[in-house]
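Working through the structure, step by step
Each chain, letter by letter, is given below.
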Amino acid sequence: MVAFMGHQVHVCRYREAGTLLDWMGGDLRGRRVLDVAGGDGYWAGQARRRGADAVSIDLARKKMVYGRTLANAPALIECDALRLPFADGSFDAVLSVCAIEHFDDGGKSLDEMARVLKPGGEIFMSADVLSRADAWPKLRDAHKSKYHVQHTYTHDSLGKLMDERGLDLVRHSYQFRTAAAERLYLSLSAYGGKVGFNAAAPLAPLVAMGDRKAPNERGSIVLIRARKRG
């Protein structure tokens, strides 16, 4: 129940991470999956639940100590995402849920993700976009300060960074595509915290419906699937 409240009852995280896992596949038996900056390892645990040999890395030791108590807990390793302690081509898939925007050097993190990925393996990741954030500068600045957002990305900018590292963009999807949805996202993230997001969870179907009707061109978060060239 604690894990559910902390990870899935969330106006965006359930659909965001759930979509990335759905893209990865329902049967992950025989596949090695790495979650980069996975916190307590909850989402890597969901990959393990689907049969994967899953590993989650982070620097937040307290979160990982808690993560050992989760059902389907993955292997949890304390290390830097910019210096992964794994051999080249160690993983079939890399997962990273809204982490790259927090790194000082997003390109370096992608270097490492691409390095440990097998040829033909795939990266499933999300990132802050905040397409309209300049319209609400106080909300934008509060969000960036609270969550230490260093950079924002689009599918185009991420696609360029990935192409330079031998990764081909396979698909992308924006979430919180409308102005109203993006303002909701920024308001909750800036002032609502986990309690606010959980209280707003009943709005998730409305946000998803709005996204389906809006062009897949901008939003608050972008989801990316990319494949390493063989």
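Residues numbered from 1 in each chain as written. Predicted model: local features only at pLDDT ≥ 70, side-chain atom pairs only at ≥ 80, totals over all residues. Heavy atoms only, no water.

As annotated in an unreviewed UniProt entry, the protein chain is Methyltransferase type 11 domain-containing protein from Actinomadura vinacea.

Here we take up helix α8 (residues 179–199). Compared with the 30 Å implied by 1.5 Å per residue over 21 residues, the 20 Å span of α8 between its first and last C-alpha is markedly short. At G192, α8 shows its largest kink, close to 135 degrees. Residues A181, E182, Y185, L186, L188, S189, A190, G193, G196, F197 and N198 constitute the buried set of α8. Buried positions along α8 lie against α1 (2–8), β5 (117–128), α6 (137–147), α9 (204–213) and β7 (221–228). (Helix = DSSP H or I, 4+ residues; strand = E, 2+ residues; numbered from the N terminus. Expected span 1.5 Å × (residues − 1). Bend = angle between axes of the 7 residues up to and from the residue. Buried < 20%, exposed > 50% of the residue type's maximum accessible area, 1.4 Å probe, protein only. Contact = heavy atoms within 4.5 Å.)

Per the stated rule, a full pass over the model turns up four aromatic pairs. Taking 5.1 Å as the distance between ring centres and 85 degrees as the angle between the ring planes, the aromatic pair formed by F86 and F91 counts as edge-to-face. Taking 6.3 Å as the distance between ring centres and 50 degrees as the angle between the ring planes, the aromatic pair formed by Y185 and F197 counts as tilted. No difference in accessibility class separates Y185 from F197, as the two residues are buried. Three or more aromatic residues joined by ring pairs form one cluster here, namely F176, Y185 and F197. Positioned above the aromatic ring of F91 is the side chain of R32, whose terminal nitrogen or guanidinium carbon lies 4.5 Å from the ring centre. (Phe/Tyr/Trp six-rings, centres within 6.5 Å; stacked < 30°, edge-to-face > 60°. Lys NZ or Arg CZ within 6 Å of the ring centre and 35° of its normal.)

The sheet built from seven strands is open, its strands ordered β3-β2-β1-β4-β5-β7-β6 with mixed pairing. Strands with a single pairing partner mark the edges of an open sheet, and in this sheet they are β3 (75–78) and β6 (167–175). In this sheet, adjacent strand axes meet at a mean angle of 15 degrees when their direction is disregarded. Across five bridges, strand β1 (residues 32–36) lies against strand β2 (residues 53–58) in parallel orientation. Paired with D35 across the bridge in β2 is S56. Contacting β1, β4 (91–96), β5, β6 and β7, helix α5 (residues 106–116) runs over the sheet at an angle of about 150 degrees to β5. (Pairing = 2+ DSSP bridges. Axes fitted to C-alpha atoms, helices over the stretch in contact; angles between N-to-C directions.)

Glancing now at the pairing of β4. β4 sits mainly inside the fold: six of its six residues count as buried. As defined by bridge partners, β4 adjoins β5 across five bridges and the pair is classed as parallel. When the sheet's bridge partners are listed, L95 is paired in β5 with F124. Handedness of the crossover joining β4 and β5 through α5 is recorded here as right-handed. (Right-handed = clockwise from strand over helix to strand, strands pointing away.)

A pair can form between side chains of opposite charge whenever their charged atoms are brought close. Scanning the entire structure with this criterion turns up 20 salt bridges. Close ionic contact of D22 with R50 constitutes a salt bridge, the shortest N to O distance being 3.4 Å. In this pair, D22 is assigned in helix α2 (residues 13–24) and R50 in the loop between α3 (42–49) and β2, connecting sequence segments 28 residues apart. Residue D22 is classed as exposed on the basis of its relative accessible area, which comes to 54%. Put simply, D88 and R115 hold a salt bridge, and the shortest N to O gap is 2.8 Å. Here D88 is found in the loop between β3 and β4, whereas its partner R115 is found in helix α5, with 27 residues between them in sequence. Among the residues examined, D88 registers a relative accessible area of 57% and is labelled exposed. Put simply, D111, K160, E164 and R165 are held in one network by salt bridges that share partners. (Salt bridge = Lys/Arg side-chain N within 4 Å of Asp/Glu carboxyl O.)

Turning our eyes to something else, we now look at the UniProt feature "domain: Methyltransferase type" (unreviewed entry) in the protein chain. Residues annotated in UniProt with the feature "domain: Methyltransferase type" (unreviewed entry) correspond here to residues 34–124. Its end C-alpha atoms 10 Å apart, residues 34–124 is made of 29% helix and 30% strand. (UniProt positions renumbered as here; feature names shortened; annotations may be inferred.)

The next subject is the side chain of S189. Of note, S189 is situated in helix α8. Under the relative-accessibility criterion, S189 is labelled buried at 1%. From its side chain, S189 meets the backbone oxygen of L186 in a polar contact 3.0 Å long. Not counting residues within four places of it along the chain, the set of residues in contact with S189 comprises H143, K146, Y147 and F197. (Polar contact = N/O pair within 3.5 Å; in protein donor to acceptor, adjacent residues only side chain to side chain.)

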